[in-house]
Amino acid sequence: MDELTLGELARRFEDRLSDVREDIQQLGVRLDGRVSLERYQLEREARDKEVAALTERVKELEDAAKEKEKQRQSDRRLIFFSLIVPVLLLAIQLYNANKGAA
């Protein structure tokens, strides 16, 4: 009874063969999910270039905003002095004119 019949031996062999086929299929599915090192490096380089381009663009926008703010400040100063200085000169002339009349 310890000896296997040829039919039982064939059935066990077929079971093992089907197990191996399933394992190979699962391994193939797992390998299909993997990315090759070359593709990974190319995607990484592309992503790095994109990040560098975005960083450069943000820096340019920040510099432009700073320059615009400086321009606004100088415009405010110019407007302030163009309004205040004539009024002060007029006030000084009026003061001198009234002082001379008195």
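Below or above, wherever it landed, is the structure these notes cover. Computed from a predicted model, the values in this text were never measured in an experiment.

Scoring rules and cut-offs
- Each chain has its residues counted from 1, running along the sequence as written.
- Where local features are concerned, this predicted model is filtered to residues with pLDDT of at least 70; where side-chain atom pairs are given and counted, the filter is 80 or more; whole-chain, interface and lining totals use all residues.
- Each side-chain value is worked out from all heavy atoms of the structure, with water and hydrogens disregarded.
- By definition, any uninterrupted DSSP run of H or I lasting at least four residues is a helix, any uninterrupted run of E lasting at least two residues is a strand, and each is numbered from the N terminus.
- Atoms counted for the radius of gyration: C-alpha only. Globule rule: 2.2 Å times the number of residues to the power 0.38.
- Methods summary: accessible areas were calculated by the Shrake-Rupley approach with a probe of 1.4 Å, and residue burial reflects only the protein chains presented.
- Counted as positive: Lys and Arg. Counted as negative: Asp and Glu, with His and the chain ends omitted from the count.
- For the purpose of locating charges, the reference atoms are NZ of Lys, CZ of Arg, CG of Asp and CD of Glu.
- Paired rings are identified among Phe, Tyr and Trp, the last through its six-membered ring, by centres lying within 6.5 Å, and are further divided according to the angle between planes into stacked (under 30 degrees), edge-to-face (over 60) and tilted (the rest).
- Buried means the residue's accessible area, taken with a 1.4 Å probe over protein chains only, is under 20% of the maximum for its type, while exposed means over 50%, and partly exposed covers the values in between.
- Patches here: salt-bridge-free residues with over 30% relative accessible area, like charges joined within 9 Å, nonpolar side chains (Val, Leu, Ile, Met, Phe, Trp, Tyr) joined within 5 Å.
- One speaks of a salt bridge when a side-chain nitrogen belonging to Lys or Arg is within 4 Å of a carboxyl oxygen belonging to Asp or Glu.

1. Considering the overall build of the protein chain
Along the protein chain, the regular secondary structure elements total 2 helices and 0 strands. Against the 2.2 N^0.38 benchmark of 13 Å for 102 residues, the protein chain shows a C-alpha radius of gyration of 43 Å, more extended than a compact globule. Across its three principal axes, the protein chain shows a C-alpha extent of roughly 145 × 25 × 15 Å. Taken as a whole, the protein chain presents about 10200 Å² of accessible surface, with 59% of it coming from carbon and sulfur. Here the protein chain contributes 19 positively and 21 negatively charged side chains, and the mean placements of these two sets differ by 15 Å.

2. Here we look at the packing of aromatic side chains
Counted according to the given criterion, the structure contains 1 aromatic pair. With centroids separated by 5.3 Å and ring planes inclined at 75 degrees, the aromatic side chains of Phe80 and Phe81 adopt a geometry described as edge-to-face. For Phe81, a relative accessible area of 46% translates into the label partly exposed.

3. Describing a nonpolar patch on the surface
Where nonpolar side chains cluster on the molecular surface, the patch consists of Ile79, Phe80, Phe81, Leu83, Ile84, Val85, Leu88, Leu89 and Ile92 and spans about 850 Å² of accessible area. Relative to the assigned elements, Ile92 resides in helix α2 (residues 37-101). With a relative accessible area of 49%, Ile92 lands in the partly exposed category.

4. Quick word on the pattern of salt bridges
Pairs can form between side chains of opposite charge whenever their charged atoms are close. Taken as a whole and assessed by the stated rule, the structure comprises 6 salt bridges. For Arg72, the salt bridge is made with Glu69, and the minimal N-O distance between the two is 3.9 Å. Highlighted residues: Arg72 and Glu69, both in helix α2, separated by 3 residues, approximately one helical turn. Owing to a relative accessible area of 42%, Arg72 belongs among the partly exposed residues under this scheme. The class of Glu69 is partly exposed, set by a relative accessible area of 31%.

5. Brief notes about the environment of Leu31
With respect to the helices and strands, the residue Leu31 is situated in helix α1 (residues 6-33). Taking C-alpha positions, Leu31 is 39 Å from Arg57, a pair spaced 26 residues apart along the chain.

6. Regarding a negative patch on the surface
Taken together, the side chains of Glu56, Glu62, Asp63 and Glu67 define an acidic patch exposed on the protein surface. Position of Asp63 relative to the elements: it lies in helix α2. Taking the relative accessible area as the measure of exposure, Asp63 reaches 41% and is therefore partly exposed.

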